[in-house]
Amino acid sequence: SPDATPSPVVLKLGGSVVTEKESPETLDEDALDAAVAAVADAEVESLVVVHGGGSFGHHNAEKHGVSSAAGTRDARGIYEIHDAMRRLNDAVVGRLQDAGVPALPVHPLSVGARDGDAALSFPLDSTAAMLGEGFVPVLHGDVLAHAGEGATVVSGDELVTRLARGLSADRVGLCSTVPGVYDENEEVIPEITAFSDAADALGESDATDVTGGMAAKVHALLELGAPAHVFGPDSLSAFLAGEDAGTVIRG
Ligand code: IP8
């Protein structure tokens, strides 16, 4: 049961970290290798990894006009988006395994769904059971069946929120290409405990921007119930060692 598993660390590797964002379906080999080495060296008892879409997910989603809100019923298109993400996931899982990490894939298309109000349902049994057996589940942004829409995108960030709440995460880490949440002078804000700490720099959240935007991200992270760290690749090892990295968001 999930009660028997220790509270996991949930780590998101941003799509812009592990892929070359400007070239379609291209890994950022060096950045991926560095992230994999940091995970392999870390002594984390229980870890879930989620990765974003980068140049695998986003250009395919755009090509088919699919976002978190706008769906398609074109099964080939849906599969094309999923297949690109699956191939990126293969690369991440494969490299983690090569580095000695007991990584296993969890493909959201086959696990979750959205209802007619776009609410995400994402059963955690497979992920929790993997954690209980000492594996490192590796999830990814994906497409999901969505009542009334065909299929829509689920972002890695949404999955992080679901996993952090549902598995009572100990800590959450969002590793992206920026070193933290910036203030108006482009200095990293060390700690955010209320949206007002960052409002001057972030402006108001655009409610339609469900997969991106730092303001939306900060709002969501304040509600998590676990401290969330927003940091760049250079701080991944520090985060995994239990240190404060980048901006710490505690709601
Ligand atoms: O990069 C998006 O995941 P994200 C995944 O975490 C797709 O927003 C399929 C575009």
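Residues numbered from 1 in each chain as written. Predicted model: local features only at pLDDT ≥ 70, side-chain atom pairs only at ≥ 80, totals over all residues. Heavy atoms only, no water.

Draft legend 1. Representation of the overall build of the chain in the model. Helix and strand content of the chain: nine helices and 12 strands. In terms of overall size, the chain behaves like a compact globule, its C-alpha atoms giving a radius of gyration of 17 Å where 251 residues would be expected to give roughly 18 Å. Within the chain, the fraction of its 251 residues that count as buried is 46%. Accessible area for the chain stands at about 11,100 Å²; split by element, carbon and sulfur atoms hold 47% of it. (Helix = DSSP H or I, 4+ residues; strand = E, 2+ residues; numbered from the N terminus. Rg over C-alpha atoms; globule rule 2.2 N^0.38 Å. Buried < 20%, exposed > 50% of the residue type's maximum accessible area, 1.4 Å probe, protein only. Areas by Shrake-Rupley, 256 points an atom, 1.4 Å probe, with all protein chains shown as cover.)

Draft legend 2. Just the site of the ligand, in detail. All residues adjacent to the ligand are Lys12, Gly52, Gly53, Gly57, His58, Ile81, Met85, Gly141, Asp142, Val153, Ser155 and Gly156. A distance of 2.9 Å is found between an oxygen atom of the ligand and a side-chain nitrogen or oxygen belonging to His58. In the environment of the ligand, an oxygen atom lies 2.8 Å from a nitrogen or oxygen atom belonging to the backbone of Gly156. When the ligand sits alone it has 320 Å² of accessible area, and the protein chains cover 95% of it. Of all the secondary structure elements, the ones that give two or more residues to the shell around the ligand are helix H3 (54-63) and helix H4 (75-98). A breakdown of the residues in the shell around the ligand according to their chemical character gives three nonpolar, seven polar and two charged. (Near = heavy atom within 4 Å. Polar contact = N/O pair within 3.5 Å; in protein donor to acceptor, adjacent residues only side chain to side chain. Nonpolar A, V, L, I, M, F, W, Y, C, P; charged D, E, K, R; others polar.)

Draft legend 3. Spotlight on the sheet that holds strand E7 (residues 142-146). Taken in spatial order, the four strands make up an open sheet running E5-E4-E7-E8, and their pairing is mixed. This sheet does not close on itself; its edge strands, each paired only once, are strand E5 (120-121) and strand E8 (150-154). (Pairing = 2+ DSSP bridges.)

Draft legend 4. Inspection of H4 at higher detail. Here H4 contains 24 residues, and its C-alpha end-to-end distance of 33 Å stays within 8% of the 34 Å for a straight helix at 1.5 Å per residue. The opening residue of H4 is Asp74, an N-cap whose side-chain oxygen sits 3.2 Å from the backbone nitrogen of Arg76. (Expected span 1.5 Å × (residues − 1).)

Draft legend 5. Seen up close, the packing of aromatic side chains. Counted under the stated rule, the structure contains one aromatic pair. Ring centres of Phe231 and Phe239 lie 5.0 Å apart, and the angle between their planes is 25 degrees; on these two criteria the pair is classed as stacked. The buried category is assigned to Phe231, whose relative accessible area is 0%. (Phe/Tyr/Trp six-rings, centres within 6.5 Å; stacked < 30°, edge-to-face > 60°.)

Draft legend 6. Here's a closer look at the packing of helix H2 (residues 29-41) against H4. In contact at an axis separation of 9 Å, H2 and H4 are set at 50 degrees when each is read in the N-to-C sense. Classified by the interaxial angle, the pair formed by H2 and H4 is oblique. Handedness of the H2/H4 crossing: right-handed. Here H2 contributes Glu29, Leu32, Asp33, Val36 and Val39 to the contact with H4, which in turn contributes Val92, Arg95 and Leu96. Class assignment of the residues belonging to the contact of H2 with H4 gives a composition of five nonpolar, no polar and three charged. (Axes fitted to C-alpha atoms, helices over the stretch in contact; angles between N-to-C directions. Parallel < 35°, antiparallel > 145°, perpendicular 65-115°, else oblique. Left-handed = near helix turned anticlockwise from the far one by under 90°. Contact = heavy atoms within 4.5 Å.)

Draft legend 7. Structural view of the environment of Gly94. Along the chain, Gly94 falls in helix H4. Along the sequence, Gly94 and Glu20 sit 74 residues apart, while their C-alpha atoms lie 18 Å from each other.

Draft legend 8. Up close: the pairing of E8. Of all five residues that make up E8, four are buried, and the element is covered over most of its length. Both E7 and E8 contribute to a ladder of five bridges, which runs antiparallel. Opposite Ala145, over in E8, you have Ala151 as the bridge partner. Hairpin geometry of E7 and E8 is characterised by an intervening segment of three residues between the two adjacent antiparallel strands and by a positive phi of about 85 degrees at Gly148.

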